[in-house]
Amino acid sequence: MSRHSSRQRLAVGFGATDIVAERGEDGVARIKDLTGGIGADAVLECVGTQESMRQALHSTRPGGNVGFVGVPHDVAIDGDELFFSHVALRGGPAPVRHFLPDLIDRVLNGRIEPGKVFDLTLPLDQAAEGYRAMDERRAVKTLLRP
C-alpha cells in the first residue's frame, strides 16, 4: 500500500504484484476487491498510525492475521471490534540486534543489497533532516555519512 511512486517502484522491484494507493475504507475496499471479497490472509503493519492499523485490521479476512512491528503512534484498538472480527493481532518490537549478524553477513556476501532503499544521502549532522524527509515521504530511507 503506497501513494508514493518511489516506494511503489521499490515494491515492484522486490516482487509486489499489486499496488494499492487508496487509504481508509477505500483501501479496505480495494483489498477486498483484489481478494474476491474475502480480505487478505496476512497483513503487516509497520510503525503506523491509528488509520493504518484500522485499515490493516479491516483488510484482513476472518481467521487471518495482522502482525505489527515497531512502536505504534497513538493507536487504540477496540477490544469488542477485534474480538468479533476473528482476526488475530500479534506484534512487538523489531529485534534488530538478534538479526544483525546474519544480515551483515548477507550484505557482505552480496546475497542482499540494502542500498536499494536509500534514496537520500546526508551528512551525519543532518540526521534530523533525514528523519523529516522520511516522515514527509520525500525519501524512502536516508543514508547518513560521517
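The structure this text deals with has already been given above.
Remember, predicted model here, so these are calculated numbers, not experimental data. (Residues numbered from 1 in each chain as written. Predicted model: local features only at pLDDT ≥ 70, side-chain atom pairs only at ≥ 80, totals over all residues. Heavy atoms only, no water.)

> Please explain helix 3 (residues 50-59) as it appears in this structure.
Owing to its 3.6 residues per turn, the α-helix aligns residues three or four sequence positions apart on the same side. Those residues of helix 3 that fall on the buried side of the exposure criterion are M53, Q55, A56, L57 and S59. Residues of helix 3 that are buried make contact with helix 2 (24-34), strand 1 (40-46), strand 2 (60-69), helix 4 (79-85) and strand 3 (88-92). (Buried < 20%, exposed > 50% of the residue type's maximum accessible area, 1.4 Å probe, protein only. Helix = DSSP H or I, 4+ residues; strand = E, 2+ residues; numbered from the N terminus. Contact = heavy atoms within 4.5 Å.)

> When you look at the pattern of salt bridges in this model, what are you seeing that I'm missing?
Two side chains with opposite charge may pair up if their charged atoms get near one another. All told, the structure shown has eight salt bridges when counted by the stated rule. E129 is the partner of R132 in a salt bridge, and the nearest nitrogen-oxygen pair spans 3.2 Å. With R132 and E129 both in helix 6 (residues 127-135), this residue pair falls three residues apart, about one helical turn. Its salt-bridge partner being R138, residue E136 comes within 2.8 Å of it at the nearest N-O pair. One network of salt bridges, in which partners are shared, links E129, R132, E136 and R138. (Salt bridge = Lys/Arg side-chain N within 4 Å of Asp/Glu carboxyl O.)

> Got a minute to help me understand the pairing of strand 4 (residues 118-123) in this structure?
Put simply, side chains in a regular strand alternate between the two faces of the sheet. Direction of pairing for strand 4 relative to strand 5 (residues 141-145): parallel, over a ladder of five bridges. When the bridges of strand 5 are listed, P123 appears paired with R145. One crossover worth recording links strand 4 to the parallel strand 5 by way of helix 6, and it is right-handed. (Pairing = 2+ DSSP bridges. Right-handed = clockwise from strand over helix to strand, strands pointing away.)

> It is not clear to me how the pairing of strand 3 should be interpreted in this structure. Could you clarify?
Summarising the sheet, strand 2 and strand 3 pair through five bridges and their orientation is parallel. Among the inter-strand pairings, N65 is bridged to a residue of strand 3, identified as A88. In this fold, the crossover linking strand 2 to strand 3 by way of helix 4 has right-handed handedness.

> How should the sheet that holds strand 2 be read in this particular structure?
Consider a sheet: its strands pair through backbone hydrogen bonds, and that pairing is either parallel or antiparallel. Reading across from one edge, 1-2-3 is the order of the three strands in this open sheet, with parallel pairing throughout. Each edge of the open sheet carries a strand with a single partner, namely strand 1 and strand 3. The average undirected angle you get between the axes of adjacent strands in this sheet is 15°. On the sheet, helix 3 packs against strand 1, strand 2 and strand 3 and is oriented at approximately 150° with respect to strand 2. (Axes fitted to C-alpha atoms, helices over the stretch in contact; angles between N-to-C directions.)

> So what exactly am I meant to see when it comes to the packing of helix 2 against helix 3 here?
When two helices pack together, their arrangement is given by the angle between the helix axes and by the axis-to-axis distance. At a minimum axis distance of 9 Å, the contact between helix 2 and helix 3 shows a crossing angle of 30°. When the interaxial angle is binned, helix 2 and helix 3 end up roughly parallel. Where helix 2 crosses over helix 3, the handedness of that crossing is right-handed. In contact with G24, E25, G27, V28, I31 and K32 of helix 2, helix 3 contributes E51, Q55, H58 and S59. In terms of residue class, the contact of helix 2 with helix 3 is made up of two nonpolar, five polar and three charged. (Parallel < 35°, antiparallel > 145°, perpendicular 65-115°, else oblique. Left-handed = near helix turned anticlockwise from the far one by under 90°. Nonpolar A, V, L, I, M, F, W, Y, C, P; charged D, E, K, R; others polar.)

> Explain the packing of aromatic side chains to me, please; I cannot follow it from the model alone.
Two measures describe an aromatic ring pair: the distance that separates the ring centres and the angle between the ring planes. Enumeration according to the criterion identifies one aromatic pair in this entry. Between F83 and F84, the ring centres sit 5.0 Å apart and the planes meet at 85°, which makes this aromatic pair edge-to-face. (Phe/Tyr/Trp six-rings, centres within 6.5 Å; stacked < 30°, edge-to-face > 60°.)

> Help me out: how do you make sense of unusual backbone geometry in this one?
Note on backbone geometry: most residues besides glycine have negative phi, and most peptide bonds are trans. Phi is positive for H86, close to 60°, though the residue is something other than glycine. Residue position: H86 is located in the loop between helix 4 and strand 3. Non-glycine residue R137 carries a positive phi angle of around 60°. Assignment of secondary structure puts R137 in the loop between helix 6 and strand 5.

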